[in-house]
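# Commentary on secondary and tertiary structure
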Amino acid sequence: MTIRYKRPDAKDALSLVQAAKRQMDFTLTMKPTDDSAFTIVRNIYECFRMLGDALLVKKGVESDDHLAPINELLKLKVNTVRPIFLIDNLRRLRHNVNYYGYSPKKAEADDAISIAKSCFNQLYAAALREVEK
């Protein structure tokens, strides 16, 4: 993992947070099926990753992997119905989808949607507060 330090950019961080929210809202309108599971799982994970990236951008940190953004999210103090560490499971699932040709099923899309519905809005609000400081 390589971390580069650069100038903190609150405007870019805010843009990432807002884009994550728009994409999540859109993704949650999709009907979960075996065919749509690939897109749903990947999009939901990417929305969480974008929130983590926004936190790093606000600090002036650029990471070349997905671990740092997810770890930033795990540091946020939020109350959620499901544990936020489950986002790392989404990271691994998305990695298998992107790099090993794994085809997620409807049940996995349903689980990703459940994680998103129980965690995303709280993490979004917390990330938004952080980037607006």
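Conventions we followed
Residues numbered from 1 in each chain as written. Predicted model: local features only at pLDDT ≥ 70, side-chain atom pairs only at ≥ 80, totals over all residues. Heavy atoms only, no water. Helix = DSSP H or I, 4+ residues; strand = E, 2+ residues; numbered from the N terminus. Rg over C-alpha atoms; globule rule 2.2 N^0.38 Å. Contact = heavy atoms within 4.5 Å. Areas by Shrake-Rupley, 256 points an atom, 1.4 Å probe, with all protein chains shown as cover. Lys, Arg positive; Asp, Glu negative; His and termini not counted. Charge placed at Lys NZ, Arg CZ, Asp CG, Glu CD. Phe/Tyr/Trp six-rings, centres within 6.5 Å; stacked < 30°, edge-to-face > 60°. Buried < 20%, exposed > 50% of the residue type's maximum accessible area, 1.4 Å probe, protein only. Core = buried A, V, L, I, M, F, W, Y, C linked by side-chain atoms within 4.5 Å. pLDDT = per-residue confidence, 0-100. Axes fitted to C-alpha atoms, helices over the stretch in contact; angles between N-to-C directions. Parallel < 35°, antiparallel > 145°, perpendicular 65-115°, else oblique. Left-handed = near helix turned anticlockwise from the far one by under 90°. Nonpolar A, V, L, I, M, F, W, Y, C, P; charged D, E, K, R; others polar.

The secondary structure content of the protein amounts to 5 helices and 2 strands. Put simply, the protein runs from its N terminus to its C terminus through helices and strands in the order β-α-α-β-α-α-α. Relative to the 2.2 N^0.38 estimate, which gives 14 Å for 133 residues, the radius of gyration of the protein is 14 Å and therefore close to what a compact globule would have. Over its C-alpha atoms, taken along the principal directions, the protein stretches across nearly 40 × 30 × 25 Å. The contacts in the protein between residues at least 6 apart in sequence include a share of 75% that link residues at least 24 apart. When the accessible surface of the protein is split by element, carbon and sulfur atoms take 52% of a total near 7,300 Å². Each charge class in the protein can be summarised by its mean position, and for the 22 positive and 17 negative side chains these summaries are 3 Å apart.

Inspection of the entire model under this criterion finds 2 aromatic pairs. A centroid spacing of 5.5 Å and a plane angle of 70° characterise the contact between Phe 48 and Phe 120, whose relative ring orientation is edge-to-face. One end of the pair, Phe 48, is in helix 2 (residues 37–59); the other, Phe 120, is in helix 5 (residues 106–132), and 72 residues separate them in sequence. The pair Phe 48 / Phe 120 is uniform in exposure class, with both members buried. Note on Phe 120 and Tyr 124: the rings are 6.2 Å apart at their centroids and 15° apart in plane angle, and the pair reads as stacked. Taken together, the residues span about one helical turn, with Phe 120 and Tyr 124 both in helix 5 at a distance of 4 residues. Tyr 124 carries the same exposure label as Phe 120, and that label is buried.

Once that is clear, we can look at the nonpolar core. A general tendency of soluble globular proteins is for nonpolar side chains to be buried together. Ranked by internal contacts, the top residues of the largest apolar core, which has 39 residues, are Ile 44, Phe 48, Leu 51 and Leu 123. Broken down by secondary-structure element, the contributors of at least two residues to this core are helix 1 (10–27), helix 2, helix 3 (67–75), helix 4 (86–100) and helix 5. When residues of this core are assigned to their parent elements, the largest contribution, 13 residues, is made by helix 5. The contact partners of Phe 48, leaving out residues within four places of it in the chain, are Met 24, Leu 73, Ile 87, Leu 90, Ile 115, Ala 116, Cys 119, Phe 120 and Leu 123.

Bringing the confidence of the model for the protein into the picture now. Here the protein shows a mean pLDDT of 92. Residues at 70 or above account for 96%. Mean pLDDT in the protein bottoms out at strand 1 (residues 3–5), which sits at 64, and peaks at helix 1, which reaches 97.

Following both chains from N to C, one finds helix 2 and helix 4 inclined at 130°, their axes separated by 9 Å at the closest point. In this view, helix 2 runs oblique relative to helix 4, as classed from their interaxial angle. Crossing geometry of helix 2 relative to helix 4 is assigned as left-handed. Only Ile 87, Leu 90, Arg 91, Leu 93, Arg 94, Val 97 and Asn 98 of helix 4 make contact with helix 2, whose side of the interface consists of Phe 38, Val 41, Arg 42, Ile 44, Tyr 45, Glu 46 and Phe 48. For the contact of helix 2 with helix 4, the per-class residue count stands at 9 nonpolar, 1 polar and 4 charged.

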